[in-house]
Amino acid sequence: MINKLCIVGVGLIGGSLAKALRAGGHVTEIVGYGRNLANLQTAADLGVIDYAEVSLGAAVRGADMVVLALPVGAMKDIFAELAQLSFDGVITDVGSTKVNVIAAARAALGNSFSRFVPGHPLAGTEQSGVQASQADLFRGRRVILTPEKETDSTALARVRAMWAATGAGVSEMSAEGHDRVLAASSHLPHLLAYALMDMIVRRDDHRAVFAAAAGGFRDVTRVAASDPVMWRDICLANRTELLAALTTYRDDLGALIEAIERGDGKWLEETFTRARRARETLNSK
Ligand code: NAP
């Protein structure tokens with residue numbers, strides 16, 4: 001049970017977490033903090049938070065849990081501000097990259113770093129903002145925690161319990177492993193969707209292309225509607241792993257072009273069959 005929960009960045013993920021914990025009766029009081037009072041007021045009007053605070057100090061005062069749910073590039077400044085406050089509760093985050101967030105927390109928090117539990121819920125949508133938040137967003141989904149050697153076991157257990165209360169399954173892995181795997185499973189597909197949409201919209205006949213867009217095009221490009229700032233930050237934060245994945249993908253596209261150029265039906269069919277089998281395995285999971 002959380003007594004006072006402070007959500008920094010009450011958008012899709014922060015708002016959904018607040019709603020899930022409230023719906024299950026796992027929290028007594030929820031305060032929101034962010035840079036945009038109008039959005040925080042919307043969150044309060046929607047009943048997602050109980051009230052908003054305009055200073056981080058007031059927001060975290062008496063809180064036993066602080067959740068950072070803003071773009072990963074904006075977390076560094078919040079860690080620095082938190083370090084100036086006499087806050088002794090648990091700190092966690094929901095950021096899509098972990099190595100950079102942990103480095104920022106370690107650099108800013110000093111001894112309080114042990115009370116920081118890095119986390120990432122593998123759930124979301126291409127929508128953003130508190131209006132898109134859902135109480136059941138995490139139900140049946142997976143949350144990855146990436147504790148460091150300094151991470152306090154009680155803080156870790158509290159964050160585990162918080163996510164379990166939302167209906168999510170919680171697992172742990174290293175931050176490096178997380179960023180490597182997520183580069184392939186999430187970050188690369190988002191960039192491909194952005195690149196594809198951008199390529200099409202720059203064609204003179206893009207209106208005709210969109211008019212002819214059926215299920216396949218919509219499936220493949222759905223996540224290109226995601227928030228550009230969030231994805232800018234993820235690209236910059238997970239640069240090394242993302243460049244490795246993108247380079248392999250570019251090489252594979254090169255091989256595909258060459259196979260089409262030489263009319264190599266055998267290569268195409270074998271490649272598509274291998275991919276189709278892999279996709280069927282994914283469906284059965
Ligand atoms: P979102 O809906 O856009 O919400 C982000 C929130 O952070 C908004 O309330 C925004 O408020 C606030 N914010 C943005 N920049 C800020 C800044 N510089 N200082 C203070 N507040 C700021 O985004 P989201 O999808 O919830 O993503 C939040 C985090 O969750 C990100 O780190 C993302 O990587 C991670 N995540 C996202 C997904 C997903 O599918 N969306 C899934 C898992 C994890 P204002 O703009 O109103 O100020």
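Structure: above.
Residues numbered from 1 in each chain as written. Predicted model: local features only at pLDDT ≥ 70, side-chain atom pairs only at ≥ 80, totals over all residues. Heavy atoms only, no water.

Engineer: Where do I start with the environment of Ile-7 in this structure?
Structural biologist: The residue Ile-7 is located in strand β1 (residues 2-8) in this model. Taking the C-alpha atoms as reference points, Ile-7 and Met-199, 192 residues apart in sequence, are found 37 Å from one another. Leaving out residues up to four positions away in the same chain, Ile-7 has contacts with Gly-14, Leu-17, Ala-18, Ile-30, Val-31, Gly-32, Tyr-33, Val-67 and Ala-69. (Helix = DSSP H or I, 4+ residues; strand = E, 2+ residues; numbered from the N terminus. Contact = heavy atoms within 4.5 Å.)

Engineer: Got a minute to help me understand the site of the ligand in this structure?
Structural biologist: In the vicinity of the ligand there are 25 residues, among which Arg-35, Asn-39, Leu-70, Ser-96 and Gly-129 approach most closely. The contact in question runs from an oxygen atom of the ligand to an N or O atom on the side chain of Arg-35, over 2.6 Å. At 2.3 Å from an oxygen atom of the ligand is found a side-chain nitrogen or oxygen belonging to Asn-39. Listing elements by their share of the shell around the ligand, those giving two or more residues are α1 (12-23) and β7 (119-122). Counted by class, the shell around the ligand contains 13 nonpolar, 11 polar and one charged residues. (Near = heavy atom within 4 Å. Polar contact = N/O pair within 3.5 Å; in protein donor to acceptor, adjacent residues only side chain to side chain. Nonpolar A, V, L, I, M, F, W, Y, C, P; charged D, E, K, R; others polar.)

Engineer: Help me understand the nonpolar core, please; the structure alone is not making it clear to me.
Structural biologist: Here is a general trend for soluble globular proteins: nonpolar side chains tend to be buried in one another's company. If you look at the biggest cluster of nonpolar residues, it comprises 35 residues, and the most contacted ones within it are Leu-5, Ile-7 and Trp-163. Apart from residues lying up to four places away in sequence, Trp-163 is in contact with Leu-17, Val-94, Pro-121, Phe-138, Val-143, Leu-145, Ala-168 and Val-170. With 26 residues, the next largest nonpolar core counts Leu-68, Ile-78, Ile-91 and Ala-105 among its residues. (Core = buried A, V, L, I, M, F, W, Y, C linked by side-chain atoms within 4.5 Å. Buried < 20%, exposed > 50% of the residue type's maximum accessible area, 1.4 Å probe, protein only.)

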